[in-house]
Amino acid sequence: MRLTIAMLVALLVLPATVGCHDKKTARSSILNDADSTLEHAYVLYDEAKYQQSLNLARMAKGIYERHDDQAMVSDCYSHIAACFQRLGDVDSGITNTIKGMEIEEKLGDNERLSSTYNNLAGLYLTAGRPEEALAFIDKAIEIERGFNNSPRLSIRYGIAAEIHLKLLNLDSALNYITMAHELDTRAGDSVKIARRLSVMGDIYSKMNRKADAESAYRQSIALLEQNGEITSRMITCQHLASLLIDEGKNREAVELLTTSTRLSENTGAKLVRMKNYESLAKALKHDNPALAIDYMTRSNNLKDSINRQETSELTAKYAAQFRSQQQELTIARQQRQIQRQYFFIAGALALAAVLLAAVVALFYFLRYRARSQRILQRVSKERQDFLTSLTNEFRQPLTVIIGQSQALQQQEKNPARQEQLEAIARQGQSVLSLVNQMINVSNINRHRANWYHDNVVTLVEMTIENARTMAHPRHVTIDFVAERSTIEMDFIPYYIDNVVSGVLYNAINLSDRGERIVTTLRRRDDKVIFSAI
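As a starting point, this report considers the structure included with it. What you see is a predicted model; the values in this text were computed from it and never measured.

Cut-offs used in this document
- Residues numbered from 1 in each chain as written.
- Predicted model: local features only at pLDDT ≥ 70, side-chain atom pairs only at ≥ 80, totals over all residues.
- Heavy atoms only, no water.
- Helix = DSSP H or I, 4+ residues; strand = E, 2+ residues; numbered from the N terminus.
- Expected span 1.5 Å × (residues − 1).
- Buried < 20%, exposed > 50% of the residue type's maximum accessible area, 1.4 Å probe, protein only.
- Arc of directions from axis to C-beta.
- Axes fitted to C-alpha atoms, helices over the stretch in contact; angles between N-to-C directions.
- Parallel < 35°, antiparallel > 145°, perpendicular 65-115°, else oblique.
- Left-handed = near helix turned anticlockwise from the far one by under 90°.
- Contact = heavy atoms within 4.5 Å.
- Nonpolar A, V, L, I, M, F, W, Y, C, P; charged D, E, K, R; others polar.
- Phe/Tyr/Trp six-rings, centres within 6.5 Å; stacked < 30°, edge-to-face > 60°.
- Salt bridge = Lys/Arg side-chain N within 4 Å of Asp/Glu carboxyl O.
- Pairing = 2+ DSSP bridges.
- Core = buried A, V, L, I, M, F, W, Y, C linked by side-chain atoms within 4.5 Å.

**Focus on helix α18 (residues 493-510)**
Note that an α-helix has 3.6 residues per turn; residues three or four places apart therefore point the same way.
Thought 1: Here α18 contains 18 residues, and its C-alpha end-to-end distance of 26 Å stays within 8% of the 26 Å for a straight helix at 1.5 Å per residue.
Thought 2: Within the span of α18, buried status applies to Val500, Leu504, Tyr505, Ala507 and Ile508. In a view along the axis of α18, the buried residues occupy a sector of 165°, so they form one face of it. Pointing more than 90 degrees away from the buried face of α18 are the exposed residues Val499 and Leu510.

**Section: the packing of helix α10 (residues 190-206) against helix α11 (residues 210-227)**
Thought 1: Their axes nearest at 8 Å, the elements α10 and α11 cross at an angle of 160°. Judged by the inter-axis angle, α10 sits roughly antiparallel to α11. The interaxial crossing formed by α10 with α11 has left-handed handedness. Packed against α10, whose contacting residues are Ser190, Val191, Ile193, Ala194, Leu197, Ser198, Met200, Gly201, Asp202, Tyr204 and Ser205, the element α11 presents Lys210, Asp212, Ala213, Ala216, Tyr217, Gln219, Ser220, Leu223, Leu224 and Asn227 at the interface.
Thought 2: Taken together, the residues that form the contact of α10 with α11 break down as eleven nonpolar, seven polar and three charged.

**Focus on the packing of aromatic side chains**
Thought 1: Overall, the coordinates contain six aromatic pairs when judged by the stated rule.
Thought 2: Residues tyrosine 45 and tyrosine 50 carry aromatic rings whose centres are separated by 5.3 Å and whose planes lie at 65° to one another, so their mutual orientation is edge-to-face.
Thought 3: Since its relative accessible area comes to 11%, tyrosine 45 is described here as buried.
Thought 4: With a centroid separation of 5.8 Å and an interplanar angle of 15°, the aromatic rings of tyrosine 124 and phenylalanine 136 are classed as stacked. Of this pair, tyrosine 124 sits in helix α6 (residues 110-126) while phenylalanine 136 sits in helix α7 (residues 130-147), placing them twelve residues apart in sequence.
Thought 5: For tyrosine 124, a relative accessible area of 6% gives the class buried.

**Digging into the pattern of salt bridges**
Thought 1: For the coordinates displayed, the defined rule picks out 22 salt bridges.
Thought 2: Between glutamate 214 and arginine 218 there is a salt bridge; the shortest N-O distance is 2.8 Å. Separated by four residues within a single helix, glutamate 214 and arginine 218 lie in helix α11, roughly one turn from each other.
Thought 3: Note on arginine 218: relative accessible area 32%, which makes it partly exposed.
Thought 4: Across the pair arginine 233 and glutamate 225 runs a salt bridge whose closest N-O atoms are separated by 3.7 Å.
Thought 5: Of the residues examined, arginine 233 reaches a relative accessible area of 15% and is grouped as buried.
Thought 6: Overlapping salt bridges bring together Glu214, Arg218, Glu247, Lys249 and Glu252 as one network.

**What to know about the sheet that holds strand β5 (residues 527-532)**
Thought 1: If you walk across this open sheet you meet the three strands as β2-β4-β5, and the pairing is mixed. If you trace the sheet from one side to the other, it starts and ends with β2 (477-482) and β5, each paired once. Sheet twist, expressed as the mean angle between neighbouring strand axes with direction ignored, is 15°.
Thought 2: Bridge count between strand β4 (residues 516-524) and β5: six bridges; the pairing is antiparallel. Bridge pairing in β5 links threonine 520 to serine 531.
Thought 3: The strands that helix α17 (residues 456-471) touches are β2, β4 and β5; relative to β2, the one it contacts most, it runs at about 170°.

**Some details on the environment of asparagine 119**
Thought 1: Relative to the helices and strands, asparagine 119 resides in helix α6.
Thought 2: A residue is classified by how much of its surface remains accessible, and asparagine 119, at 3% relative accessible area, is buried.
Thought 3: Along the primary structure asparagine 119 and leucine 183 are separated by 64 residues, whereas in three dimensions their C-alpha atoms are 20 Å apart.

**With respect to the packing of helix α9 (residues 170-187) against α10**
Thought 1: Look at α9 against α10: their axes get within 9 Å of each other, and the N-to-C directions meet at 160°. Overall, the two elements α9 and α10 adopt an arrangement that is roughly antiparallel. The hand of the α9/α10 crossing is left-handed. Across the interface between the two elements, Leu170, Ala173, Leu174, Ile177, Thr178, Ala180, His181, Asp184 and Thr185 of α9 pack against Lys192, Ile193, Arg196, Leu197, Val199, Met200, Ile203, Tyr204 and Lys206 of α10.
Thought 2: Across the contact of α9 with α10, the residue classes break down as eleven nonpolar, three polar and four charged.

**Points about the nonpolar core**
Thought 1: Counting residues in hydrophobic clusters, the biggest one holds 62 residues, and the most contacted among them are Ile137 and Ile163.
Thought 2: Apart from residues lying up to four places away in sequence, isoleucine 163 is in contact with Ala121, Leu125, Pro130, Ala133, Leu134 and Ile137.
Thought 3: Counting residues in each nonpolar core, the second largest holds 23 residues, with Ala34, Ala41, Ile63 and Ile103 among its members.

Next up, the structure:
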């Protein structure tokens, strides 16, 4: 970020409304105490103790608000905004300045409003929001032209020029800085004239009018040197040096940067010194590369130092803000405690009513839920009973049909008739298989699942042995091969028996007379696989 003279002026004019507190009449002792507190805040501000000054200004504002002294409340807001700006919290500065502005607009005090608009424009400019700054500086200029106060109007023009420069409205910026220069020339204020010339040089430089920019910078430096003004002089020397480097006049640029660096060392302006080191490295990179590298090293070291300092200042700032917020929270907590005393009984009664309603609602909800569960259980039982009864009614006649067809098949000598009887038996077995599956589903829902941890090979062997009795009439042989003699696992015996029986039943029905069924049981990772081929 490039530091300019007009930005310095924008920062310096912030506490402009301070001083309105001098108008005192007969006042109560409490308001006199508030006046003393605010006066002490001003003293602390001058001593750069901004956080302490901020706390005192807030205390004074609270007293003025309780006694409806709006003019002094506005003064407090202005001072609080200045403290926040010095602490680096520009957004809070803007917020408090706007609060003061709203009071002054109600009071209709245009002189105070002009200063407030000007301060607000300066804050927005510092925050990098020139579009918003423009609206307020225009209002300040409009009011100030009515008063025809040349020194104050010159300040307004100077900030307007800086805002238009940020917005790259270069013609407007040049017009405003020219008007400010004319007013300061008539007033004979050589320091302000020098500052206007420096800003004018910035504008000419942006307009690529290098000769005009160089002339303005040189006139500014000469006046500033005559008046012993250090800060503006070191900044203007830096800007002129940058211009000369671009024109290839490196020797004179080095002299100016050396002067600016010396002044910055005296004032402790690290940012200006860091920029000077960078420019010196740029100016010397062809004629003296070793010295250029040295300056670049100094610039980097100083940049690290500035970053560490900014980090430390930010830490201190946020710590101070935290303490301030804690104080505000303490005050707010005490106020809430007082309010609770008035609303405690009403709150307790309301809570009791809500709890009673909740208990009643919960009671009816649980009652309804229990009734719904009983209905669901009854419906489920009736459906299960119906399914069981239906499947059993199917199973009995199917068993008779299959048995009789198999008996007739054994007695029948005609091959065509045997095939017909075998088809009847096979279809009957298919239907019986479906009925058995329905019965299994019914039993699964009816029986409680009891888990066991045991050797599953033994259970499968028993089930296969039972299936061999069914396969024997069809002259079908069932062999069983287990990968291991013992396979330990968690299982439900009823489910294992049904799965293995179902697989074997289908295998027997699909096998021709005299065929062999080979069953295997093996373990793969955490699974046990049963197969029949």
